[in-house]
Amino acid sequence: MDAIATISNTSSSLQTINWSAIAKELIAIVGDRYVVRTREELLAYECDGLTSYKQQPALVVLPSSTEEVAAVVKVCDRYKIAFVARGSGTGLSGGALPLPDSVLIVTSRMKKILEVDFENQRVVVQSGVINNWVTQAVSGAGFYYAPDPSSQIICSIGGNVAENSGGVHCLKYGVTTNHVLGAKIVLPDGSIKDIGGKIPESPCYDLTGIFVGSEGTLGIATEITLKILKSAESIQVLLADFTTVEAAGSTVSDVIGAGIIPAGMEIMDNMSINAVEDTVATNCYPRDAASILLIEIDGLEIEVTESAKRIEEICYQNGARNVTSAIDPEQRLRLWKGRKAAFAAMGRMSPDYYVQDGVIPRTKLTFVLKEIENLSKKYGYPVANVFHAGDGNLHPLILYNNAEAGALEIVEELGGEILKLCVRVGGSISGEHGIGADKKCYMSEMFSESDLETMRWVRDVFDPQGIANPTKILPTPRTCGEGAKPNHDAKYKLMDRF
Ligand SMILES: Cc1cc2nc3c(=O)[nH]c(=O)nc-3n(C[C@H](O)[C@H](O)[C@H](O)COP(=O)(O)OP(=O)(O)OC[C@H]3O[C@@H](n4cnc5c(N)ncnc54)[C@H](O)[C@@H]3O)c2cc1C
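Throughout what follows, the structure given in this document is the object of discussion. Predicted model, so just to flag it, every value in this text is computed and none were measured.

Before going further, it helps to examine the environment of Val 180. Tracing the backbone through its elements, the reader meets Val 180 in strand 10 (residues 180-186). You can call Val 180 buried: it has 24 C-beta atoms within 10 Å. Excluding residues within four positions of it along the chain, Val 180 makes contact with Val 161, Thr 208, Val 212, Ile 224 and Leu 226.

Attention now goes to the pairing of strand 14 (residues 234-242). Most of strand 14 is tucked away: 7 of the 9 residues are buried. Bridge analysis of strand 14 against strand 16 (residues 291-299) gives 9 bridges, and the strand direction is antiparallel. Within strand 16, the position partnered with Asp 241 by the bridge is Ile 292. Alignment of strand 14 against strand 17 (residues 322-326), held across 5 bridges, turns out to be antiparallel. Paired with Val 237 across the two strands is Ala 326, which belongs to strand 17.

This part takes up the nonpolar core. Counting residues in each nonpolar core, the largest one holds 133 residues, and the members touching the most others are Leu 59, Val 61, Ile 105, Leu 293 and Ile 398. When residues of this core are assigned to their parent elements, the largest contribution, 8 residues, is made by helix 14 (residues 407-424). In contact with Ile 398, not counting residues within four places along its chain, are Tyr 353, Tyr 354, Tyr 381, Val 383, Val 411, Leu 414 and Gly 415.

Okay, helix 14 next. For helix 14, built from 18 residues, the straight-helix expectation of 26 Å at 1.5 Å per residue is met to within 8% by its first-to-last C-alpha distance of 26 Å. All buried positions along helix 14 are accounted for by Ala 407, Ile 410, Val 411, Glu 412, Leu 414, Gly 415, Ile 418, Leu 419, Leu 421 and Cys 422. At the exit of helix 14 stands Gly 426, carrying a positive phi of roughly 95°.

Here we come to the sheet that holds strand 3 (residues 35-36). Read from one edge to the other, the open sheet built from 4 strands follows the order 3-4-6-5, with strand pairing classed as mixed. Strands with a single pairing partner mark the edges of an open sheet, and in this sheet they are strand 3 and strand 5 (82-86). Alignment of strand 5 against strand 6 (residues 102-106), held across 5 bridges, turns out to be parallel. Looking across to strand 6, one finds that Ala 85 is bridged to Ile 105. Running over the sheet, helix 1 (residues 19-30) touches strand 3 and strand 4 (59-61) and is turned about 10° from strand 4. Each of strand 4, strand 5 and strand 6 is contacted by helix 3 (residues 66-79), which is oriented at about 170° to strand 6, the strand it contacts most.

In this section: the packing of helix 8 (residues 245-257) against helix 13 (residues 365-379). Each pair of packed helices can be described by the angle between their axes along with the distance between the axes. With their axes 9 Å apart at the nearest point, helix 8 and helix 13 run at an angle of 155° to one another. Relative to helix 13, the element helix 8 is oriented roughly antiparallel. Helix 8 and helix 13 meet at a crossing whose hand is right-handed. Facing Val 245, Glu 246, Gly 249, Ser 250 and Val 252 of helix 8, the residues of helix 13 in contact are Leu 365, Thr 366 and Leu 369. Classifying every residue of the contact of helix 8 with helix 13 gives 4 nonpolar, 3 polar and 1 charged.

This next bit is on the site of the ligand. By nearness alone, 38 residues border the ligand, and Gly 87, Gly 95, Gly 158, Gly 159 and Gly 216 come closest of all. Of all elements in the fold, only strand 5, helix 5 (157-163), strand 12 (220-227) and helix 12 (342-349) reach the threshold of two or more residues within the shell around the ligand. Ranked by the residues each element gives to the shell around the ligand, the list is headed by helix 5, at 5 residues. Along the lines of polarity and charge, the residues of the shell around the ligand split into 11 nonpolar, 22 polar and 5 charged.

The phi angle at Gln 121 is positive, at roughly 55°, despite the residue not being glycine. In this structure Gln 121 comes out as partly exposed when scored by C-beta crowding, with 15 C-beta atoms within 10 Å. Positive phi, close to 45°, is recorded for Asn 469, a residue that is not glycine. With respect to the helices and strands, the residue Asn 469 is situated in the loop between helix 16 (449-462) and helix 17 (488-497).

The subject of this paragraph is the sheet that holds strand 12. A sheet is described by the order of its strands in space; here 5 strands give the open sequence 7-8-12-10-11, paired in antiparallel fashion. Each edge of the open sheet is held by one strand with a lone partner, namely strand 7 (113-117) and strand 11 (192-196). Each strand axis lies, on average, 10° off the axis of its neighbour in the sheet, ignoring direction. Both strand 7 and strand 8 (residues 122-126) contribute to a ladder of 4 bridges, which runs antiparallel. Residue pairing for strand 8: Glu 115 is matched across the bridge by Val 124.

Conventions adopted
- Residues numbered from 1 in each chain as written.
- Predicted model: local features only at pLDDT ≥ 70, side-chain atom pairs only at ≥ 80, totals over all residues.
- Helix = DSSP H or I, 4+ residues; strand = E, 2+ residues; numbered from the N terminus.
- Buried ≥ 20, exposed ≤ 12 C-beta atoms within 10 Å, placed from the backbone.
- Contact = placed C-beta atoms within 7 Å.
- Pairing = 2+ DSSP bridges.
- Core = buried A, V, L, I, M, F, W, Y, C linked by C-beta atoms within 7 Å.
- Expected span 1.5 Å × (residues − 1).
- Axes fitted to C-alpha atoms, helices over the stretch in contact; angles between N-to-C directions.
- Parallel < 35°, antiparallel > 145°, perpendicular 65-115°, else oblique.
- Left-handed = near helix turned anticlockwise from the far one by under 90°.
- Nonpolar A, V, L, I, M, F, W, Y, C, P; charged D, E, K, R; others polar.
- Near = placed C-beta within 6 Å.

Below, the structure is given as structure tokens:
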């Protein structure tokens, strides 16, 4: 950490910042142990799950309460220095990427479940609580927390709120925003506010709706009130395998067209199937299948049994080779295990991968998957597909080797083409991973200048000094094209390798 640095990160005028003095003030708030300031220790915080972007912050602070977060933010406000919130750092769009002259505020010590209220079906948690701890805390009484990102064993509820995270069960039950009743937040001036409440509907402006998905740009959530649901009487998982990815896609449309809304429907293609079988060996995913479709149905036993029968018929009508089914919890977990490990399993296929996150109308699935295949051939990089098929949320995983000069730039360009394709067919540039640092240059593919201006107004109301995770989400004139220099000689060599 440089003791004194000249910064111009948020305001137009340059100012000299005495980082040693700031560190002292922060130590007085959280204690010496919880202000990270050596270069070696800061290394652990230089990126999130999007590892191609790296930047050390000036300081990392680990507060343990709302009051400590507020006091830390007040220091940032007073010195006009930027702060970036971080939960578990699993974000895939560079949302928690620090800025060079910023304070990174990490919530990983804020792990208390503050209140469990079964009668009213809600819990209050500190924002650093890990997603699946919520279900663990309430499952004994027959409840669960529905949004279940594949990273749920590590990602924080604060991160989920900031990204409006989705997951396998969000097809039927909705994404994070549908499960957050209210929150205590620290605004960028350090004041503490309550938004929403503890009841499902509160009158007036939906401030909780604005805050969810704001990626740390409107303040820091410190305590969050979540809805919990009663566990279903019966759950069944079906696994169908197909000789084409298109057949799995048509099955998804036909199931929904038949009036059945499963809890989740996920597709994995051949590359992903083999990657997970090599890694976690479920021994359930046929290695020669072009695709598998995992379908979970839940509800009353009679309803689940009838829906499962009908879905099985639809799978066979679409050319499924086999349909396996599991009711027993252990068997169900086995069928899901490979899907949950799919991103991590890509590490066996390739030294690096770049995951994209676009949404398309379900009916365009076949067309878009074919186009992605064409783009993969054109750019010379393999693309594996694992996705929340029921809600049209694609996750193309582009495999590459970052050690190859120019590879990352080409892969980013390919990822951008996929996002533009999603927008062209009436979809979106993000389903659940957010915009962060990675996708802000595609915001204008989807939003008009006047839409973006409205978003800037909202941001300015919460953060007039522009210190809360600045440079994320909203594009600036310099955002696009920086460093994107495709090296087309490198790409064909890589295609041979995978
Ligand atoms: C293997 C893998 C699988 C994944 N699967 C899914 C999936 O199925 N669905 C899905 O939606 N995502 C998925 N993700 C992405 C990621 O896990 C989610 O975006 C998650 O919500 C991030 O939580 P986090 O605690 O790691 O947040 P971080 O990465 O630490 O931060 C994410 C963003 O939230 C902000 N933030 C963090 N905490 C707060 C807070 N308390 N208040 C305000 N802002 C805050 C940060 O500034 C940043 O902008 C996956 C990631 C990985 C690595």
